[in-house]
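Descriptive structure summary
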Amino acid sequence: MKRKRLLTVACSLLVAVASNAQDGKICTHIEGEVADTAVQVIRVRRVDQNNSYIYTDAIPFANGRFSYDIRTEGLTVYDVSAYNKDWIGRFARFFADGDTVRIKFVPDDSPVWSSPSPLNKELQRVDGVADSIYHSYEARYARFAHYESLTEIERRECDALKDSVNGLVKAFKLGYIRDNPGPVGLFLLFDRAERLYEDSVATRELLAIYDEVYAGRYPDFHLAEYMKMWRASRGIKEGAHYIDFTAPDLNGTDHTLSVEIDGKVALIDFWASWCGPCRRLSKSMIPVYEKYKDRGFTIVGVARERDAEAMRKAIGRDKYPWLNLIELNDRIKLWNNYGMRGGGNKFLVDRDGTILAIDPKPEKLEAILKEKLK
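Residues numbered from 1 in each chain as written. Predicted model: local features only at pLDDT ≥ 70, side-chain atom pairs only at ≥ 80, totals over all residues. Heavy atoms only, no water.

Take the overall build of the protein next. Across its full length, the protein holds 13 helices and 15 strands. For the protein, the proportion of its 374 residues judged to be buried stands at 48%. Within the protein, residue pairs in contact and separated by at least 24 positions form 68% of the contacts whose partners lie at least 6 positions apart. When the accessible surface of the protein is totalled, it reaches about 18600 Å², and 51% of it is carbon and sulfur. (Helix = DSSP H or I, 4+ residues; strand = E, 2+ residues; numbered from the N terminus. Buried < 20%, exposed > 50% of the residue type's maximum accessible area, 1.4 Å probe, protein only. Contact = heavy atoms within 4.5 Å. Areas by Shrake-Rupley, 256 points an atom, 1.4 Å probe, with all protein chains shown as cover.)

In structure tokens form, the structure reads like this:
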């Protein structure tokens, strides 16, 4: 029955997409209401953009209303988020597949949203089952309402209850993902995977489900490509081999990483002009670079940008003395390939391409270089 229901959902989707497409684009209309006076900014993004703020667009709203059209080339998942002045936000995630999505942002609760799309109805049904598991424990949670005033024993009881409920919800969703292959299952797999970047039991569970159920399927769904890269990025760890790539510098000249670092110990520095912590750490590497650059060490930077000029200004201020390349609008998908989100990370690579350290601080970097470049 489950597979029959998902097949019906998929068929309904194809009919909706075919009837809506114009010039190869699918238009999904958003109608919104803001009933929360604390909301100051509403933003929309495609959900495979690594949680990066710069990959969102603002939706103007007035008199508590907003509307927006999303045009896509295929089945896509978006989220619309409402933020207060402290950038605390709530979001609605949905399939943009050619229907109208209605969203209402309310105070102190998740947004209320609806859509006639079969996929969105199925997504909401699954979320409703998960919510019902939480609600079934509300009475037991009531006695732990004021966590700060609990005794140590009561806090342990509260934490154990929370772990138990979260475990039940996780088991339900993993079971759904495994037993109901389709766009909804793949989206839920993505939703869990994007929170897990470390090597853990939970990550290995998702890898097994992906390999067994989803690998190579749903090529027209944009999250299929993301999950393929996520799967490959799980191999990016100490002792593994770095992923080669070719990217341009600010003059438009392409550089291949393996050529630039050939025969050297190298730090691949992924950063962004808008990422303060990334830039501070990159600047702290300059003395190490100057000390070891003539002894077989190099650094190649790659900035994740929407605006090349912002990168140019950042380099002018920070004075990086090494080669810097640009990943403009995620064209090469380097952040996905390396399993990164947000601003970036740093990967120290040995002469044979083996990753020696991930995100090393200057002290650790220099200690490794002293050993490797004797």
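Next comes the rest of the account.
Proximity of charged atoms lets side chains of opposite charge pair with each other. A complete count under the given rule lists 24 salt bridges for this structure. Connected via shared salt-bridge partners are Arg45, Asp79, Arg93 and Asp191. (Salt bridge = Lys/Arg side-chain N within 4 Å of Asp/Glu carboxyl O.)

A few words now on the state of the cysteines. One pass over the structure, following the stated rule, counts one disulfide. In this model Cys275 forms its disulfide with Cys278; the gap between the sulfur atoms is 2.2 Å. Handedness of the Cys275-Cys278 disulfide follows from its S-S torsion of about 65 degrees: it is right-handed. Cys278 shares its class with Cys275; the two are buried. (Disulfide = S-S within 2.5 Å.)

A separate point is the packing of helix H5 (residues 183–193) against helix H6 (residues 201–214). Contact pair H5 / H6: the axes reach a minimum separation of 11 Å and the direction vectors enclose 155 degrees. As judged from the angle between their axes, H5 and H6 are roughly antiparallel. H5 and H6 meet at a crossing whose hand is left-handed. Two secondary-structure elements touch here, H5 through Gly185, Leu186, Leu189, Arg192 and Ala193 and H6 through Leu206, Tyr210 and Tyr214. Here the residues of the contact of H5 with H6 sort into six nonpolar, one polar and one charged. (Axes fitted to C-alpha atoms, helices over the stretch in contact; angles between N-to-C directions. Parallel < 35°, antiparallel > 145°, perpendicular 65-115°, else oblique. Left-handed = near helix turned anticlockwise from the far one by under 90°. Nonpolar A, V, L, I, M, F, W, Y, C, P; charged D, E, K, R; others polar.)

Leaving glycine aside, a negative phi is the common case for residues, and trans is the common case for peptide bonds. In this model, Lys319 sits at a positive phi of 65 degrees, which is unusual for a non-glycine residue. Exposure remark for Lys319: the relative accessible area of 59% places this residue in the exposed category. At Lys333, a residue that is not glycine, the phi angle is positive and equals roughly 65 degrees.

What links the strands of a sheet is backbone hydrogen bonding, and the strands pair in either a parallel or an antiparallel sense. The four strands lie next to each other as E4-E1-E7-E8, forming an open sheet whose pairing is mixed. Single-partner strands in this sheet number two, and they are strand E4 (65–72) and strand E8 (112–114). On average, adjacent strands in this sheet sit at an angle of 15 degrees to one another, irrespective of strand direction. Sheet analysis places strand E7 (residues 100–105) next to E8, joined by three bridges and oriented antiparallel. When the bridges of E8 are listed, Lys104 appears paired with Val112. (Pairing = 2+ DSSP bridges.)

Further remarks concern the pairing of strand E13 (residues 323–328). Pairing of strand E12 (residues 297–305) with E13, which is carried by six bridges, proceeds in the parallel orientation. Following the sheet pairing, Gly301 is matched in E13 by Asn324. Remark: the E12/helix H11 (residues 308–318)/E13 crossover connection has right-handed handedness. (Right-handed = clockwise from strand over helix to strand, strands pointing away.)

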